[in-house]
Amino acid sequence: MRSPNGPDDWRETNRARWDERVPLHTASDYYDRAAFCRARDVIRDFEIAEVGDVTGRTLLHLQCHFGQDTLSWAHRGAPQVVGLDFSEPAIEAARELAAELGYGPDRASFVAADVYDAAEAVPDSSYDIVYTGIGALNWLPDLVRWAETAASLVAPGGFLYLAEFHPLSDVLDDETASRVTYDYFNRDAWVDETPGTYTDFDAPTVNNRSVEWQHPLGDVVSALAGAGLHIEFLHEHDMTMFQRFAALRRAGDGYYRLPADRPRIPLMYSLKATRLR
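Because the structure is predicted, anything quoted here is derived from the model rather than measured.

Enquirer: A description of the overall build of the protein chain should follow, citing residues and the corresponding values.
Expert: Of the regular secondary structure elements, the protein chain holds eight helices and 11 strands. With respect to the three principal axes, the spread of C-alpha positions in the protein chain is 50 × 45 × 40 Å. Looking at the protein chain residue by residue over its 277 residues, the buried ones come to 51%. A fraction of 76% describes how many contacts in the protein chain between residues 6 or more apart in sequence connect residues 24 or more apart. Treating the 26 positive side-chain charges of the protein chain as one cloud and the 44 negative ones as another, the clouds have centres 3 Å apart.

Have a look at this one:
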């Protein structure tokens, strides 16, 4: 698919970046494979509360990376989980992790495919829950096509659940998060050349080019509503998963927030959108 507002090779560029970083991530303290294999669960507390009990419900995880979140939902009771990611090394790592935990393909399967091709790539036509995790939408140029694809995979009575970084964080200055520095409504691709990765900023890497897009919150909600889903809730959260800004401080719950003497702003959001019967 050609992106109207970015380089033609955006997909290949991003795939090369992610492929290279898979072994860095799987070996990192950030993902702590040994701890995960013991606990088998890395789902955030607010997601647990908002998604609810997954016992007896099939779940499809779009843009799953190497599967820790996907397998966490299996541990929480989903009888069948499917993870999809465009990085073949990530999918291979996910399959290895599933096997190490004792999950066969009937319980946890992983598919290497572009998210826009998910409807043709996954084993079933629909799922009770379509889940997409944190840091996924910024890699996609066409939000409407994503919403239509994801919505088509939600079973009647099922829902899509999304947790993401809030787009407001993309417009603030990196140091203090107190000044509006960038255009919230910018539709152009953001091309970056930063080496390393979020698990190790100093890691030596070769494929450093990335192509990303920011999506205003209204665009996300409108795309899902336009795809036929009913928005159950949209929650905004005053915390985030990592030190996105130098001013953020890590709290006792492990999340990063602005200091207590600063006015709060949304740093993440989550939403649930159902397909009515």
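Enquirer: Residue-level account of the packing of helix α7 (residues 143-152) against helix α8 (residues 217-226), with values.
Expert: For the pair α7 and α8, interaxial distance at closest approach is 8 Å and the crossing angle is 40 degrees. Judged on the interaxial angle alone, α8 and α7 are oblique. For the pair α7 and α8, the crossing hand works out as right-handed. Facing Leu143, Val144, Trp146 and Ala147 of α7, the residues of α8 in contact are Asp219, Val220, Ala223 and Leu224.

Enquirer: Got a sec to walk through α7? Specific residues and values, please.
Expert: Looking only at α7, the buried set comprises Leu143, Trp146, Ala147, Thr149, Ala150 and Ala151. Structurally, α7 contributes buried residues whose contacts are with β1 (59-62), α6 (118-121), β4 (127-132), β5 (154-165) and α8. Its side-chain oxygen at 3.3 Å from the backbone nitrogen of Val144, Asp142 defines the N-terminal cap of α7.

Enquirer: Help me get a handle on a nonpolar patch on the surface, residues and values and all.
Expert: On the surface, a cluster of nonpolar side chains totalling about 350 Å² of accessible area is made up of Tyr30, Tyr198 and Phe201. Owing to a relative accessible area of 32%, Tyr198 belongs among the partly exposed residues under this scheme.

Enquirer: Help me get a handle on the packing of helix α1 (residues 10-26) against helix α5 (residues 88-100), residues and values and all.
Expert: One can describe the packing of α1 onto α5 by two numbers: an axis separation of 7 Å at closest approach and a directional angle of 30 degrees. Taken together, the axis directions place α1 and α5 in an arrangement best described as roughly parallel. Here α1 contributes Asp19, Val22 and Thr26 to the contact with α5, which in turn contributes Glu88, Pro89, Ala90 and Ala93. Per-class residue counts for the contact of α1 with α5 are four nonpolar, one polar and two charged.

Calculation notes
Each chain carries its own residue numbering, running from 1 in the written order of its sequence. Reporting of local features is limited, given that this is a predicted model, to residues whose pLDDT is at least 70; pairs of side-chain atoms are given and counted only at 80 or more, and all residues count toward the totals for whole chains, interfaces and linings. Side-chain metrics rest on all non-hydrogen atoms present in the structure, leaving aside hydrogens and water. Put simply, DSSP marks the helices as runs of H or I at least four residues long and the strands as runs of E at least two long, and each gets a number from the N terminus on. Burial classes: relative accessible area under 20% of the type maximum marks a residue as buried, over 50% as exposed, and values in between as partly exposed (1.4 Å probe, protein chains only). Contacts were defined at the residue level, with two residues in contact if any of their heavy atoms lie within 4.5 Å. Residues counted as positive are Lys and Arg, residues counted as negative are Asp and Glu, and His and the chain ends are not counted. For the purpose of locating charges, the reference atoms are NZ of Lys, CZ of Arg, CG of Asp and CD of Glu. Each axis is a line fitted through C-alpha atoms, and for a helix only the stretch in contact is used; angles between axes span 0 to 180 degrees, taken between their N-to-C directions. Roughly parallel here means an angle under 35 degrees, roughly antiparallel means over 145, roughly perpendicular means 65 to 115, and every remaining angle is called oblique. Helix crossings fall into two classes, left-handed where the near helix is turned counterclockwise from the far one by less than a right angle and right-handed where it is turned clockwise. Any pair of N or O atoms that falls within 3.5 Å is considered a polar contact. Within protein, one atom must be able to donate a hydrogen and the other to accept it, and sequence-neighbouring residues count only if both atoms are side-chain atoms. Like charges within 9 Å and nonpolar side chains (Val, Leu, Ile, Met, Phe, Trp, Tyr) within 5 Å are joined into patches, using only residues over 30% in relative accessible area that form no salt bridge. A 1.4 Å probe and the Shrake-Rupley method give the accessible areas. Residues count as covered only by the protein chains that appear here. Just to be clear on terms, a salt bridge is a Lys or Arg side-chain nitrogen sitting within 4 Å of an Asp or Glu carboxyl oxygen. Side-chain classes are defined by residue name, with Ala, Val, Leu, Ile, Met, Phe, Trp, Tyr, Cys and Pro counting as nonpolar, Asp, Glu, Lys and Arg as charged, and the others, Gly among them, as polar.

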